[in-house]
Amino acid sequence: MNLDSKIPGGPMAQKWDRRRAEIRLVNPANKRKFEVIVVGSGLAGASAAATLGELGYRVKCFCFQDSARRAHSIAAQGGINAAKNYPNDGDSVQRLFYDTIKGGDFRAREANVHRLAEVSVNIIDQCVAQGVPFGREYGGLLANRSFGGAQVSRTFYARGATGQQLLLGAYQALSRQVGLGRVQMFARTEMLEIVVVNGHAKGVVVRDLVTGKITSHAADAVVLGTGGYGNAFYLSTNAQGCNATAVWRAWKKGAAFANPCFTQIHPTCIPVSGEHQSKLTLMSESLRNDGRCWAPKAKGDRRPPREIPEAERDYYLERMYPSYGNLAPRDIASRAAKRICDEGRGVGPGGRGVYLDFSDALARLGEATVRERYGNLFDMYHEITAEDACETPMRIYPAIHYVMGGLWVDYDLMSTLPGLFVIGEANFSDHGANRLGASALMQGLADGYFILPYTVGDYLATAKVKRPSADAAEFKQAEEEVHARVKRLLGVNGKRTVSEFHRRLGKILWENCGMARNAAGLRKALQEIPALREEFWKDVKAPGKNEELNQALECAGRVADFLELGELICRDALARDESCGCHFREEHQMEDGECRRDDANFAHVAAWEFQGEDRPPVRHAEPLVYEETHLATRSYK
Amino acid sequence: MNFILRIWRQKNAADEGRFIEVPARDITPEMSFLEMLDVVNDEVTKAGGDPVAFDHDCREGVCGACSLVINGEPHGPNAKATTCQTYMRSFRDGETITVEPFRARAFPVLKDLVTDRSAFDRIIQAGGFVSVNTGQAPDANTLPIGKDAAEKAFDSAACIGCGACVAACKNSSAMLFVGAKITHLGLLPQGQPERDRRALAMVAQMDAEKFGNCTNQYECQAVCPKEITVANIAQMNRDYLVASLKKLFAG
């Protein structure tokens, strides 16, 4: 497998300019001859589809939700980073670049990250021009807040609903193109197969989720902006419909899967309350601007939090990481919370929780200011727990939130399957082994507005394989594969529901490949997952038929894919015999419990290649070359 | 806790539909309303039945996918909350709970509790945007916007497009939804150049989708999970009137 990252030569800060100057262009009259398929309508997908439409390409955009506006980017709360340096606190493109590389524990590709930092400033301009109502100061200029892993304030926000507002901006831009007839939108339509013609991705097979009709769509290029696979863990902050089906189909058609074990666990989520629970709700990292994390110093201290005197509280993040304090990066804050709970100092049901306390901020700023900053988050917390965060500290615990891993892409965001581009959370490139807060929105929009629309043009201008007809034999064959898979799912007719299997898979992954991992646990998971998968195909019950709106069938297909992907996650975690960022292998830790990286053997991207259903995948490595930064031990102390 | 669900079942758009009673057993007060439906669906599936179809996704009150009219109220009994943010502690043990889809001519039922709300998308496509291509934007701080205006714009922009306003209205009016977008963009300087044509185009599409008119009952405001107020409808009417008059005298 050829992992040519196609990083342009020259100094880091000039690489993107250089690439843009080299890119071959498609003249405006020819653009309308090309068709591009975009799967997914979140920040990455919607912004890409809108921009491609504006440029004059003919675009088809697919999403499984009933409207493009409901993609899960909508749920991002806290903010979006950009190196604007409006607060004059010393920020720059170089600093955002370095913070992101360091935050990712030196496992991201430098050139991609530098480009991300460069275009971050354009994103804010674009979104403001669209009418995104960012928070502002009284003078009318944009306001900023701080996020984890940074010592500057570079996060732009729209109360606690930044993702919603940015997505609505992209959705409106997309809607404008739909109204103009340049983008055709297919909602309630799920992509179930990538079609490869002469070695290039040239179309998709989709299922209409209302009628069950399975159809083919041909194109000159296919773009996946289908989000992450955190739902493999069952309990996560992802929406119920988030799935890995599109990337998994692509993997099986030749796109390499990079760093699948890099799964982010967010430190501040509302703890699990019972077996029935279907999802976990995030409490934005922005709360750590004013909230202080603590746990009782004594084990098993069951007193209500307000009765525990100051001297008997352990503000553990401030103690362990004095220079970043409560704004330590996510992987570090999550592990610290886990350690506290493992020591028996956790609070709430089952002892799996710590406090996030706003009493200092309330005393310093007053309730009105605190509510203005975090009002909707406090409301959400109240709805779920029936507790008021102004009266008693929040209880929080880490939960699966985001995945840094994804399909491998080169500098042009093209996968190892020519013609298949991957953007946003679905690709792997920018966050290394840990993503900093407020960087997901930045990356999704950078890819969709400012990077992919250029690079896809270069492919179209030079592609040797032209758009086939959707009646071609390759499409018929792909449709047959989809029909066969659906038939197989409906035909098992066993005794157990899809959610039972999903829950069990989630438990295996969380216990063995969650916040802490070790070789023995991963080996155990690698035996349990195939066994569970076998059971699934013998005993799952997906009722009903294909030719109808059948949500159980949709779920069954997604869980079947998670049951395969889960194994790859563990395989990757076992092969990466070091600790880095989110990937904490217990065998490799410092005396103080921090990650011990192994740069000599693992300063690379692991890219897995599918070898067929009955053979194990092969692991390839793309070495990470650090030209601009030097590999350093990450410290937030 | 145990409940009886009096729930709407409808095979597809062509089917007439009917209420069916289903028991919901061993429910805990911490379950969300949708988690309760998950439990019921698992039971139904195991018994060989067809699980109840309902729209849902983020389950944290922001995607706008979940709908449902619960005991006659869109999004259930609690103010400022969507169905997914409604917890079973809000119901009495043993209660019979009636669950129906959002009902409106413009929101046809597709199956059980799932409706087609794509009319909302078409209204946005008609004019609910600022026409700015990628790359055309000036520096973000060249255009100062007062904090109060920005906050008010956010209040309107907070709409999640769920359609509860339509479901609550006896006329199935979409004016709260349309008014919220017209107000959001109309409050900002970026929205000014297209303000008139936006109002005309969105209202025309709203009428074409067969949504009804507003008769000032304010039911929409009462059920809106994001507290969008009827002041947005007043703003829409003003913008529409101004735009219509300008068109009349210009034309």
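Values in this document were obtained by computation on a predicted structure and should not be read as measured data. (Residues numbered from 1 in each chain as written. Chains lettered and ligands numbered in written order. Predicted model: local features only at pLDDT ≥ 70, side-chain atom pairs only at ≥ 80, totals over all residues. Heavy atoms only, no water.)

1. Here we look at the domain arrangement of chain A
All names here are of chain A.
For step 1, the next point in the chain: Considered domain by domain, chain A is made up of domain 1 (42-187 + 221-262 + 404-462), domain 2 (265-399) and domain 3 (493-597).
For step 2, the next point in the chain: Here domain 1 and domain 3 have C-alpha centroids that lie 26 Å from each other.
For step 3, the next point in the chain: On the side of domain 3, 26 residues touch domain 1, which itself brings 26 residues to the contact.
For step 4, the next point in the chain: Considering only the side of domain 1, the residues that lose the most area to domain 3 are Phe-233, Tyr-234 and Cys-261, jointly responsible for 29% of the buried surface there.
For step 5, the next point in the chain: Across the pair Arg-597 and Asp-105 runs a salt bridge, and its minimum N-O distance is 2.7 Å.
For step 6, the next point in the chain: Summed over the shared surface of domain 1 and domain 3, the number is 13 residue pairs in polar contact (both at pLDDT 80 or more).
For step 7, the next point in the chain: When its residues are assigned to classes, the side of domain 1 that touches domain 3 shows 16 nonpolar, six polar and four charged. (Domains from an automatic or database assignment. Contact = heavy atoms within 4.5 Å. Buried area = accessible area lost by both parts, 1.4 Å probe. Salt bridge = Lys/Arg side-chain N within 4 Å of Asp/Glu carboxyl O. Polar contact = N/O pair within 3.5 Å; in protein donor to acceptor, adjacent residues only side chain to side chain. Nonpolar A, V, L, I, M, F, W, Y, C, P; charged D, E, K, R; others polar.)

2. Quick look at the sheet that holds strand S16 (residues 406-407) of chain A
Residue and element names in this part refer to chain A.
For step 1, the next point in the chain: The strand order S16-S10-S18-S19 describes an open sheet built from four strands, whose pairing is antiparallel. The sheet is open, and its two edges are formed by S16 and strand S19 (618-623), each paired on a single side.
For step 2, the next point in the chain: Strand direction decides the pairing type here: strand S10 (residues 257-258) and S16, joined by two bridges, are antiparallel. Each residue of the ladder has a partner; that of Phe-257, found in S16, is Leu-407. (Pairing = 2+ DSSP bridges. Helix = DSSP H or I, 4+ residues; strand = E, 2+ residues; numbered from the N terminus.)

3. Some thoughts on unusual backbone geometry
All names here are of chain A.
For step 1, the next point in the chain: At Lys-6, a position not held by glycine, the phi torsion is positive, near 55°.
For step 2, the next point in the chain: Take Lys-6: it is sitting in the segment before helix H1 (15-22).
For step 3, the next point in the chain: We classify Lys-6 as partly exposed; its relative accessible area is 39%. (Buried < 20%, exposed > 50% of the residue type's maximum accessible area, 1.4 Å probe, protein only.)

4. Focus: helix H6 (residues 162-179) of chain A
Residues and elements named next belong to chain A.
For step 1, the next point in the chain: Between its first and last C-alpha, H6 extends 25 Å over 18 residues, near the 26 Å set by a 1.5 Å rise per residue.
For step 2, the next point in the chain: Of all the 18 residues making up H6, 17 are buried; the element is thus mostly covered by neighbouring parts of the structure.
For step 3, the next point in the chain: One or two steps after H6, the chain reaches Gly-181, where phi turns positive at roughly 80°. (Expected span 1.5 Å × (residues − 1).)

5. What to know about the sheet that holds strand S6 (residues 189-197) of chain A
Residue and element names in this part refer to chain A.
For step 1, the next point in the chain: Judged by pairing direction, the sheet is antiparallel, and its three strands sit side by side in the order S6-S7-S8 without closing on themselves. Both edges of this open sheet fall to S6 and strand S8 (214-218), since each of them pairs with a single strand only. Strand after strand, the sheet turns through a mean of 30° between neighbouring axes, direction not considered.
For step 2, the next point in the chain: Sheet topology places strand S7 (residues 200-208) next to S8; five bridges connect them, and they run antiparallel. Counterpart to Arg-207 in the pairing with S8 is Ile-214. (Axes fitted to C-alpha atoms, helices over the stretch in contact; angles between N-to-C directions.)

6. Side note on the domain arrangement of chain B
Residue and element names in this part refer to chain B.
For step 1, the next point in the chain: As assigned here, chain B comprises domain 1 (3-111) and domain 2 (118-250).
For step 2, the next point in the chain: Here domain 1 and domain 2 have C-alpha centroids that lie 29 Å from each other.
For step 3, the next point in the chain: A buried area of about 1300 Å², summed over both sides, lies between domain 1 and domain 2, and 66% of it is on carbon and sulfur atoms.
For step 4, the next point in the chain: Counting the surface domain 1 buries against domain 2, the share from its top three residues, Pro-74, Lys-80 and Phe-107, is 34%.
For step 5, the next point in the chain: For the pair domain 1 and domain 2, the number of links is one residue pair in polar contact (both at pLDDT 80 or more).
For step 6, the next point in the chain: Its residues placed into classes, the side of domain 1 that touches domain 2 shows nine nonpolar, four polar and three charged.

7. Notes on the interface of chain A and chain B
For step 1, the next point in the chain: Listed by partner, the interface residues are 75 residues for chain A and 73 residues for chain B.
For step 2, the next point in the chain: Buried area between chain A and chain B, both sides added, is near 6100 Å², and the carbon and sulfur share of it is 50%.
For step 3, the next point in the chain: The interface formed by chain A and chain B contains nine salt bridges.
For step 4, the next point in the chain: Linking Arg117(B) and Asp66(A) is a salt bridge whose minimum nitrogen-to-oxygen distance equals 3.5 Å.
For step 5, the next point in the chain: Summed over the shared surface of chain A and chain B, the number is 46 residue pairs in polar contact (both at pLDDT 80 or more).

8. Here we look at the state of the cysteines
For step 1, the next point in the chain: All told, the structure shown has zero disulfides over all chains when counted by the stated rule.
For step 2, the next point in the chain: With no disulfide of its own, Cys63(A) has Cys61(A) as its nearest cysteine by sulfur position, at a separation of 6.4 Å.
For step 3, the next point in the chain: Residue classification places Cys63(A) among the buried residues on the basis of a relative accessible area of 2%.
For step 4, the next point in the chain: As a non-bridged cysteine, Cys165(B) has Cys162(B) as the owner of its nearest cysteine sulfur, 6.3 Å distant. (Disulfide = S-S within 2.5 Å.)

9. With respect to the pattern of salt bridges
Between side chains of opposite charge, pairing is possible as soon as their charged atoms come close.
For step 1, the next point in the chain: Evaluation of the coordinates by the stated rule reveals 84 salt bridges over all chains.
For step 2, the next point in the chain: Between Arg24(A) and Asp458(A) there is a salt bridge, with the nearest N and O atoms lying 3.1 Å from each other. One end of the pair, Arg24(A), is in the loop between H1 and helix H2 (28-31); the other, Asp458(A), is in helix H12 (residues 440-462), and 434 residues separate them in sequence.
For step 3, the next point in the chain: We note a salt bridge from Asp139(B) to Lys84(A), for which the minimum N-O separation is 2.9 Å. With Asp139(B) in the loop between helix H2 (118-127) and helix H3 (147-157) and Lys84(A) in the loop between strand S3 (80-81) and helix H4 (93-103), the pair connects residues from two separate chains.
For step 4, the next point in the chain: Exposure remark for Asp139(B): the relative accessible area of 33% places this residue in the partly exposed category.
For step 5, the next point in the chain: Owing to a relative accessible area of 13%, Lys84(A) belongs among the buried residues under this scheme.
For step 6, the next point in the chain: By sharing partners, the salt bridges in this structure join Asp105(A), Arg107(A), Asp331(A), Arg335(A), Arg576(A), Glu578(A), Arg597(A), Asp599(A) and Arg634(A) into a single network.

10. Regarding the environment of Arg19(A)
Residue and element names in this part refer to chain A.
For step 1, the next point in the chain: Note that Arg-19 resides in helix H1.
For step 2, the next point in the chain: Remark: the alpha-carbon pair of Arg-19 and Pro-8, spanning 11 residues in sequence, is separated by 6.3 Å.
For step 3, the next point in the chain: Setting aside anything within four residues of it in sequence, one finds Arg-19 in contact with Pro-8, Tyr-411, Asp-412 and Asp-458.
For step 4, the next point in the chain: Polar side-chain contacts of Arg-19 include one of 2.6 Å to the side chain of Asp-412.

11. As for the environment of Ala246(A)
All names here are of chain A.
For step 1, the next point in the chain: Structurally, the position occupied by Ala-246 is in helix H7 (residues 245-252).
For step 2, the next point in the chain: Residue class for Ala-246 comes out buried when judged on its relative accessible area of 6%.
For step 3, the next point in the chain: Separated by 312 residues in the primary sequence, Ala-246 and Arg-558 have C-alpha atoms spaced 9.7 Å apart.
For step 4, the next point in the chain: Those residues within four positions of Ala-246 in sequence are excluded, and the remaining contacts are Met-191, Leu-224 and Thr-226.

12. Topic: the nonpolar core
For step 1, the next point in the chain: Core analysis: the largest hydrophobic core is formed by 236 residues, its most contacted members being Ile80(A), Phe134(A), Leu224(A), Met394(A), Leu420(A) and Phe211(B).
For step 2, the next point in the chain: Residues within four places of Leu224(A) in sequence aside, it is in contact with Val39(A), Met191(A), Ile194(A), Ala246(A), Val247(A), Ala250(A), Leu407(A), Leu420(A), Phe421(A), Val422(A), Ile423(A) and Ala426(A).
For step 3, the next point in the chain: Within the second largest apolar cluster, 25 residues are counted, among which are Phe3(B), Leu34(B), Phe54(B) and Val99(B). (Core = buried A, V, L, I, M, F, W, Y, C linked by side-chain atoms within 4.5 Å.)

13. Looking at helix H3 (residues 43-55) of chain A
Quick reminder: α-helices carry 3.6 residues per turn. Residues three or four places apart thus point the same way.
Residues and elements named next belong to chain A.
For step 1, the next point in the chain: For H3, built from 13 residues, the straight-helix expectation of 18 Å at 1.5 Å per residue is met to within 8% by its first-to-last C-alpha distance of 18 Å.
For step 2, the next point in the chain: With respect to burial, H3 is a largely interior element, 12 of its 13 residues being buried.
For step 3, the next point in the chain: All of the buried residues in H3 are Leu-43, Ala-44, Gly-45, Ala-46, Ser-47, Ala-48, Ala-49, Ala-50, Thr-51, Leu-52, Gly-53 and Glu-54.
For step 4, the next point in the chain: Where H3 is buried, its residues touch strand S1 (35-39), strand S2 (58-62), H6, strand S5 (183-186) and H12.
For step 5, the next point in the chain: Immediately downstream of H3, the backbone of Gly-56 shows phi near 115°, a positive value.

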